[in-house]
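Here's the letter readout for the chains.
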Amino acid sequence: MTDRYLEITFRDGKRFAAYLFMGRGAGAKSARTEAVAAGLIVDYAGDGTPIGLEITAPGQVSFEAINAVLDRLGQPRLTPGESAPLAAA
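Only a predicted model underlies this, so the values are computations on that prediction, with no experimental measurement involved.

About the cut-offs
- Residues numbered from 1 in each chain as written.
- Predicted model: local features only at pLDDT ≥ 70, side-chain atom pairs only at ≥ 80, totals over all residues.
- Heavy atoms only, no water.
- Helix = DSSP H or I, 4+ residues; strand = E, 2+ residues; numbered from the N terminus.
- Rg over C-alpha atoms; globule rule 2.2 N^0.38 Å.
- Buried < 20%, exposed > 50% of the residue type's maximum accessible area, 1.4 Å probe, protein only.
- Contact = heavy atoms within 4.5 Å.
- Areas by Shrake-Rupley, 256 points an atom, 1.4 Å probe, with all protein chains shown as cover.
- Lys, Arg positive; Asp, Glu negative; His and termini not counted.
- Charge placed at Lys NZ, Arg CZ, Asp CG, Glu CD.
- Polar contact = N/O pair within 3.5 Å; in protein donor to acceptor, adjacent residues only side chain to side chain.

Trainee: An account of the overall build of the chain is needed here, citing residue identities and associated values.
Mentor: Along its length, the chain carries two helices and five strands. Listing each helix as α and each strand as β along the chain from the N terminus yields β-β-β-β-β-α-α. The C-alpha radius of gyration computed for the chain amounts to 13 Å, which stays within 12% of the reference 12 Å derived for 89 residues, consistent with globular compactness. By principal-axis analysis of the C-alpha atoms, the chain measures approximately 35 × 25 × 25 Å. Taken across its 89 residues, the chain has 36% of its residues classed as buried. Intrachain contacts of the chain at a sequence separation of at least 6 include 39% that bridge at least 24 residues. Here the chain has roughly 5,200 Å² of accessible surface; of this, 53% comes from carbon and sulfur atoms. On the chain, the mean spot of the 9 positive side-chain charges and the mean spot of the 10 negative ones are 3 Å from each other.

Spelled out as structure tokens, the structure:
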């Protein structure tokens, strides 16, 4: 199982997208996606387990919106340490 981490993608030096990888088993792949809020898409494994959160507009999505989705999924909220790269980028 991998630990949760946040990855930010840049294009032309600007934040383009971000992805919160949730703890998942080896080989887990996205089987379906669900748009849950503006700029937020959840990826689910074949068994229905949430495995990631796509942040398609990182400059426009609030931490409150991200944490509301994580709450709904039964996942831990973003910590200040996890969210720092997103805020700084």
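We are not done yet, so read on.
Trainee: Can you tell me about the side chain of N67, naming the residues and giving the values?
Mentor: Tracing the backbone shows N67 in helix α1 (residues 63-73). On the accessibility criterion, N67 (9% relative accessible area) is buried. Side-chain polar atoms of N67 contact the backbone nitrogen of L78, separated by 2.7 Å.

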